[in-house]
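Structure at a glance
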Amino acid sequence: MDSIEKKCCIFKKKEMSNTLVCVKKVKQETPEEWDENMPLPGDIVEGFAEDDNGDELFLPAKSRSELSSQLGKLSQHVDPIWLKVRRGDATLKLRVNVVQEKSSLLHKRFSFKAVTDYRHVAVLGDLTSQQCRELQEMSRKVVNAESGLFREKGVKYNWKMKTSTYLPDQQSSVVSSILFMPMQGENFIEATTGRCMAWFSAAVSSGIPLVFVNIQTELMFAGKESIWGEQQNHFATIQTMHGIRLWFLPGVAEVVLEMTLEPGELRFGMDIKRTDEGFICVYSVTKDSAADRAGIRQLYEEANKTDHLLTLASAIEQMDSIQVHFMSWPNQTIPCNIKAVGAAALQPPREY
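Since this is a predicted model, take the numbers as computed values, not measurements. (Residues numbered from 1 in each chain as written. Predicted model: local features only at pLDDT ≥ 70, side-chain atom pairs only at ≥ 80, totals over all residues. Heavy atoms only, no water.)

**Considering the overall build of the protein chain**
What counts, and what does not: Put simply, DSSP H or I for four residues or longer makes a helix, DSSP E for two residues or longer makes a strand, and each gets a number counted from the N terminus. For every residue, the accessible area obtained with a 1.4 Å probe (protein chains only) is divided by the maximum for its type, and the residue is called buried under 20%, exposed over 50%, and partly exposed between those limits. Contacts: residue pairs with any heavy atoms within 4.5 Å of one another. Accessible areas in this description were obtained via Shrake-Rupley with a 1.4 Å probe; residue shielding takes into account the shown protein chains only.
The helix and strand tally for the protein chain stands at 7 helices and 16 strands. The proportion of buried residues among the 352 residues of the protein chain is 39%. Pairs at least 24 apart in sequence give 63% of the contacts found in the protein chain among residues at least 6 apart. Total accessible area on the protein chain is roughly 21,500 Å²; 52% of this is exposed by carbon and sulfur atoms.

**Some points on the environment of proline 41**
Mapped onto the secondary structure, proline 41 falls in the loop between strand 1 (20-26) and strand 2 (44-49). A C-alpha to C-alpha distance of 5.1 Å links proline 41 and lysine 24, two positions 17 residues apart in sequence. The contacts of proline 41, once residues within four sequence positions are left out, are Val23, Lys24, Lys25, Val26, Trp34, Leu135, Gln136, Met138 and Ser139.

**Focus on the side chain of serine 68**
For clarity, the threshold we go by: Polar contact is the term for a pair of N or O atoms within 3.5 Å; when the atoms are in protein, one must be able to donate a hydrogen and the other to accept it, and sequence-neighboring residues count only if both atoms are side-chain atoms.
Position of serine 68 among the secondary structure elements: in helix 2 (residues 64-74). In this structure the side chain of serine 68 is engaged in a polar contact, spanning 2.7 Å, whose partner is the backbone nitrogen of phenylalanine 110.

**Thoughts on helix 2**
What counts is decided by this rule: This arc corresponds to the set of directions leading from the helix axis out to the C-beta atoms.
Listing the buried residues of helix 2 in full gives Arg64, Leu67, Ser68, Leu71, Gly72 and Leu74. Looking down the long axis of helix 2, one finds its buried residues gathered within 165 degrees of arc, a one-sided arrangement.

**Considering the pairing of strand 1**
Our working definition: Paired strands, in this sense, are two strands between which DSSP finds at least two bridges.
The buried count for strand 1 comes to 5 of 7 residues, which makes it a mostly enclosed element. Where strand 1 lies against strand 7 (residues 122-127), 6 bridges are found, and the strand directions are antiparallel. Its bridge partner being in strand 7, cysteine 22 is matched across the sheet by glycine 125.

**Some thoughts on the packing of aromatic side chains**
Put simply, the rule reads: Side-chain rings of Phe, Tyr and Trp (the six-membered ring for Trp) are treated as a pair once their centres are within 6.5 Å; stacked means planes under 30 degrees apart, edge-to-face means over 60, and tilted covers the remaining angles. Whether a charge sits over a ring depends on NZ of Lys or CZ of Arg being within 6 Å of the ring centre and within 35 degrees of the ring normal.
Counting across every chain of the model gives 5 aromatic pairs. Cluster of aromatic residues (ring-pair linked, three or more members): Phe180, Trp199, Phe248 and Phe279. Directly above the ring of phenylalanine 58 sits lysine 84, whose terminal nitrogen or CZ lies 5.0 Å from the centroid.

**Quick word on the pairing of strand 12 (residues 270-274)**
Of the pairings in the sheet, the one linking strand 12 to strand 13 (residues 280-285) comprises 5 bridges and is antiparallel in character. Looking at the pairing, lysine 273 lines up with cysteine 281 of strand 13. Between the end of strand 12 and the start of strand 13, which pair antiparallel, lie 5 residues, with glycine 278 showing a positive phi angle near 95 degrees.

**Overview of the pattern of salt bridges**
How we decide: What makes a salt bridge here is a side-chain nitrogen of Lys or Arg within 4 Å of a carboxyl oxygen of Asp or Glu, nothing more.
Under the criterion given, the structure shown has 11 salt bridges. Between glutamate 46 and arginine 86 there is a salt bridge; the shortest N-O distance is 2.6 Å. Taken as a pair, glutamate 46 in strand 2 and arginine 86 in strand 4 (residues 81-87) lie far apart in primary sequence, 40 residues in all. You can call glutamate 46 partly exposed: its relative accessible area is 30%. Among the ionic pairs, glutamate 186 bridges to arginine 195, the shortest N-O distance being 2.8 Å. Connected through salt bridges with shared partners, the residues Glu262, Glu265 and Arg293 form a single ionic network.

**Structural notes on the nonpolar core**
In plain terms, the rule: What we call a nonpolar core is a set of buried Ala, Val, Leu, Ile, Met, Phe, Trp, Tyr and Cys residues that are connected through their side-chain atoms within 4.5 Å.
If you look at the biggest cluster of nonpolar residues, it comprises 27 residues, and the most contacted ones within it are Trp34, Val45, Leu67, Leu71, Ile81, Leu83 and Phe112. Counting only elements with at least two residues in this core, the list comes to strand 1, strand 2, helix 2, strand 4, strand 5 (90-100), strand 6 (110-114), strand 7 and helix 3 (129-142). Listed in part, the 17 residues of the second largest apolar core include Val255, Val282, Tyr300 and Leu312.

**Points about helix 7 (residues 296-305)**
The complete set of buried residues in helix 7 reads Ile296, Leu299, Tyr300 and Ala303. With its buried residues spanning 100 degrees around the axis, helix 7 presents them on a single face. At the C-terminal side of helix 7, aspartate 307 shows a positive phi close to 60 degrees.

**Brief notes about the side chain of arginine 245**
Along the chain, arginine 245 falls in strand 10 (residues 233-249). A polar contact of 2.6 Å, which involves the side chain of arginine 245, links it to the side chain of glutamate 218. Residue contacts for arginine 245: discarding those within four places in its chain leaves Ser177, Ile178, Leu179, Asn214, Ile215, Gln216 and Glu218.

**Here we look at the confidence of the model for the protein chain**
Using the following cut-off: Summary of the metric used: pLDDT quantifies the predictor's per-residue confidence within the range 0 to 100.
This prediction gives the protein chain a mean pLDDT of 77; 73% of its residues lie at or above 70. Low pLDDT, under 50, characterises residues 10-16; the stretch is placed with 6 contacts to residues that sit more than four places away or in other chains. Low pLDDT, under 50, characterises residues 145-153; the predicted model gives this stretch 18 contacts beyond four residues in sequence or across chains.

**A short note on unusual backbone geometry**
The peptide bond linking aspartate 79 to proline 80 adopts the cis configuration, its omega dihedral lying at 10 degrees. One non-glycine residue, aspartate 288, lies in positive phi territory at about 65 degrees. Positive phi, normally seen in glycine, also occurs at aspartate 307, with a value near 60 degrees.

**A short note on the environment of glutamate 36**
By the secondary structure assignment, glutamate 36 is in the loop between strand 1 and strand 2. The exposure class assigned to glutamate 36 is buried, which follows from its relative accessible area of 16%. A C-alpha to C-alpha distance of 9.9 Å links glutamate 36 and arginine 87, two positions 51 residues apart in sequence.

Pasting the structure below:
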């Protein structure tokens, strides 16, 4: 080995010795569901232990490959485990489950995931302190941190009781949204915003009963893999882009109808089509059919009188019937025997 090769080997070994075991990304595709109790990109793994009875019980994490091997052995007799990570200036202890990486076919590699979310799996790497800091800053922004601190855990709330009491129909989301991502050549947020509003205006002009609620920019994170180091370890360089999210109501209300077939009937008697903007609407209803008996024909004819479309929001198939939700215009006359749910049916708070 000549002097140049020796210097290269020394440089690479020195480079690897200065790296830290770090979470380089997570496989959770919904960043808004991250919280401070989960392993986050940029977390520096300092050690792990079977229980949290003292810092002296935590075994140090020296490299990704060594940590993977130790996690595999530990998972055979205990799971979940405790993880000690460094995040900014703070040291945290996280409760995690050990998992085997599915991508490793020849050699078993192990990592960990959040105990509260099976989708939140950490991808480990040997990264420099600078790379760890960059990932930590990205994580801090994702979880809406302020003053260098991660957000505090929310207060307890009886969602099940509140939903059943105040949401008229638990099958209806009431408010909907659509996310517009930048197309090739759209280098400014104004271009994406204009395309978003063109879609909304075209939908309303065609007769779709939509009510504008809000429009906002949405920061999206996309990881790009880069190769470095002696063993071609990967780290993620973070790329960002801005999308436009449009929030809208289904015409202030949704009309819920149930179509039930009678003995001998083979069709519900309702034909549908798709608009250019992607909405499904009714374009014909057969007289004396299940759809007609449910009241759909009456709504369809009334919508036609004002050049409006009767838009299908959702459909739920049951044993012998189908429950369908239609977007209704605010000024549309709804027969008293038809149930209307949605924003218009939400109860306002009482005044005391």
